[in-house]
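# Structure at a glance
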Amino acid sequence: MKSIILAAVLAASPAVAGQPISESLLECAALFDSSNRWFPERASSPKARKIQAVTDALLGEAERVAQEEGRREVVAYMTQVWHAKQDSWDARGKFYMFTDDGQDWFAYCASLARHRGLDLSAAAD
């Protein structure tokens, strides 16, 4: 139910809590990246490669959007936000992704990606 509500909110306004779209995309990229970093034993698995592809797609879109937003120092901006978002996800712990809130975040990220024209279906395999 929460996922449906979160998706409806996204449809109305694609930014999370007023943050720039580029930051939301970086947030989602960091979440997917964290799921690989939290479980290093699957580093060479097909699932890890798919999750890395999703992360890369989100990062690429974040860079494109950051440029559209008029960011002067795109690389510095992305690096700073990327590290802050990774720290934020890491502070929640590796099992956070299995909570209702964690699942809502994955649903939000999938919805944001669809809104931006990205296909993240590979991560669901």
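These numbers were taken from a predicted model, which means no experiment stands behind them.

When helices and strands are counted, the protein chain shows five helices and zero strands. Put simply, the protein chain runs from its N terminus to its C terminus through helices and strands in the order α-α-α-α-α. Across the 125 residues that make up the protein chain, the buried fraction comes to 42%. Put simply, of all contacts in the protein chain between residues at least 6 apart along the chain, 73% involve residues at least 24 apart. Of the accessible surface of the protein chain, which amounts to about 6,700 Å², a share of 58% is contributed by carbon and sulfur atoms.

The topology assignment puts Asn36 in helix 2 (residues 21-38). Note: C-alpha distance between Asn36 and Lys47 (11 residues apart in sequence) is 9.0 Å. When sequence neighbours within four positions are dropped, the list of residues in contact with Asn36 reads Arg42, Ala48, Ile51 and Gln52.

Cut-offs and rules
Residues numbered from 1 in each chain as written. Predicted model: local features only at pLDDT ≥ 70, side-chain atom pairs only at ≥ 80, totals over all residues. Heavy atoms only, no water. Helix = DSSP H or I, 4+ residues; strand = E, 2+ residues; numbered from the N terminus. Buried < 20%, exposed > 50% of the residue type's maximum accessible area, 1.4 Å probe, protein only. Contact = heavy atoms within 4.5 Å. Areas by Shrake-Rupley, 256 points an atom, 1.4 Å probe, with all protein chains shown as cover.

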